[in-house]
Amino acid sequence: MLLSGCYDSAFGERTETTAAPATTTLGELCATFEGEAVAVESDLAVVGRVTTSDRAGNFYRTFCIEADGAALEIMAGLDHLHNDYPEGCTVTVRLQGWTLGRSRGVLQLGRAPVTDNGYPTDYIASRPALDRTVVRHDTPPQPVVPALRTLDELTPAMCGTLVRIEHLRYSPEPFAPSGWSGYKRFEDAAGAEIRTYVRAYADFAEHAVPAGPCALTGILQHDGSRYLLKLRDESDCEISD
């Protein structure tokens, strides 16, 4: 068994900082995880490319990595992560001693929650522990290209990955404020819907949502009844001609 449901640890005293080879893929990891929060006992490592940035404040103390259509969110618990793990850089992530859980359909890696707060994982929140867990490769960052999808192509297995959806239009709900903060409804030509999510503390939260045709890019999520796109910054909404 790769995973165990009853193990917790303080991650041990590992001090290596070299990028170890992957022992499994993100796709295999996502397929193995079955839903309940579980701690990782095995010496597992995955490799992926960073797809997010906390520079605009919509990702708060976390970042996502992706490889071959599968993704993992690292619950880092530190600020200014874009300096150490910029978009497009490749990292090795060591999973042993941490907890895997799924939130809004996205597989996360972090601490086991100390209390029953309703969240499957908690922040790592330690620079030495994060440095031991996530090792950046020496190769220069490469451009991150989102997967082009339509609304009817979305599946729960895509949650956590970076997707782009074109030919959308903002469809505000009654009495919705004009800014990006919160959830905003967009529709395609057939009337299918997706909502964006922007934190109130993001630096573009109060900027007006464009009214014309657009394409949206973001990290795909699912809250149990609908799909969401968590934007990285305001440029993830691209106005169409």
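Values in this document were obtained by computation on a predicted structure and should not be read as measured data. (Residues numbered from 1 in each chain as written. Predicted model: local features only at pLDDT ≥ 70, side-chain atom pairs only at ≥ 80, totals over all residues. Heavy atoms only, no water.)

**Details of the overall build of the protein chain**
For the protein chain, the count of helices and strands is 3 helices and 15 strands. What you see for the protein chain is a C-alpha radius of gyration of 18 Å, in line with the 18 Å of a compact globule of 241 residues. Relative to its 241 residues, the protein chain shows a buried fraction of 47%. Across the protein chain, the fraction of contacts at a sequence separation of at least 24, relative to all contacts at a separation of at least 6, is 66%. Accessible surface for the protein chain amounts to roughly 11700 Å². Of this, 50% is attributable to carbon and sulfur atoms. Of the charged side chains in the protein chain, 21 are positive and 34 negative; the average position of the first set lies 3 Å away from that of the second. (Helix = DSSP H or I, 4+ residues; strand = E, 2+ residues; numbered from the N terminus. Rg over C-alpha atoms; globule rule 2.2 N^0.38 Å. Buried < 20%, exposed > 50% of the residue type's maximum accessible area, 1.4 Å probe, protein only. Contact = heavy atoms within 4.5 Å. Areas by Shrake-Rupley, 256 points an atom, 1.4 Å probe, with all protein chains shown as cover. Lys, Arg positive; Asp, Glu negative; His and termini not counted. Charge placed at Lys NZ, Arg CZ, Asp CG, Glu CD.)

**Observations regarding unusual backbone geometry**
We note that D68 has phi near 55°; this positive angle belongs to a residue other than glycine. Position of D68 among the secondary structure elements: in the loop between β3 (63-67) and β4 (70-74). We note that H80 has phi near 55°; this positive angle belongs to a residue other than glycine. Along the chain, H80 falls in the loop between β4 and α2 (81-84).

**Here's the deal with the sheet that holds strand β6 (residues 99-103)**
Ordered in space as β1-β6-β7-β4-β3-β2-β5-β8, the 8 strands form an open sheet in which the pairing is mixed. Each end of this open sheet is capped by a strand with a single partner; those strands are β1 (38-39) and β8 (134-136). With 2 bridges connecting them, β1 and β6 associate as antiparallel partners. Looking at the pairing, V38 lines up with L100 of β6. (Pairing = 2+ DSSP bridges.)

**Quick look at the nonpolar core**
Core analysis: the largest hydrophobic core is formed by 29 residues, its most contacted members being L72 and L100. Secondary structure elements with two or more residues in this core: α1 (26-32), β2 (45-50), β3, β4, β5 (90-94), β7 (106-110) and α3 (127-133). Counting residues per element, this core draws most heavily on β4, which supplies 3 residues. Of all hydrophobic cores here, the second largest spans 23 residues; its members include A56, L151, L216 and L229. (Core = buried A, V, L, I, M, F, W, Y, C linked by side-chain atoms within 4.5 Å.)

**Describing the packing of aromatic side chains**
Overall, the coordinates contain 5 aromatic pairs when judged by the stated rule. Relative to F186, the ring of W180 has its centre 6.0 Å away and its plane inclined at 15°; by these criteria the two rings are stacked. In this structure W180 comes out as buried when scored by relative accessible area, which is 0%. According to the relative accessible area criterion, F186 is buried, its value standing at 0%. Three or more aromatic residues joined by ring pairs make a cluster, and in this case those are Y170, W180, F186 and F204. Sitting above the plane of the Y197 ring, R104 keeps its charged end 5.1 Å from the centroid. Lying across the ring of Y183, R226 places its NZ or CZ 5.1 Å from the centre. (Phe/Tyr/Trp six-rings, centres within 6.5 Å; stacked < 30°, edge-to-face > 60°. Lys NZ or Arg CZ within 6 Å of the ring centre and 35° of its normal.)

**Considerations on the confidence of the model for the protein chain**
Averaged over the protein chain, the pLDDT score is 91; the fraction of residues at 70 or greater is 92%. Low pLDDT (under 50) marks residues 1-16, which in the prediction has 38 contacts with non-local residues, meaning those over four places away or in another chain. (pLDDT = per-residue confidence, 0-100.)

**A few points about the pattern of salt bridges**
On inspection of all chains with the given rule, the structure shows 11 salt bridges. For the salt bridge of R164 with E238, the shortest nitrogen-to-oxygen distance reads 3.1 Å. A residue pair is termed long-range when its members are at least 10 positions apart, and R164 in strand β10 (residues 162-170) and E238 in strand β15 (residues 237-239) qualify at 74 residues. Given a relative accessible area of 41%, E238 falls into the partly exposed group. (Salt bridge = Lys/Arg side-chain N within 4 Å of Asp/Glu carboxyl O.)

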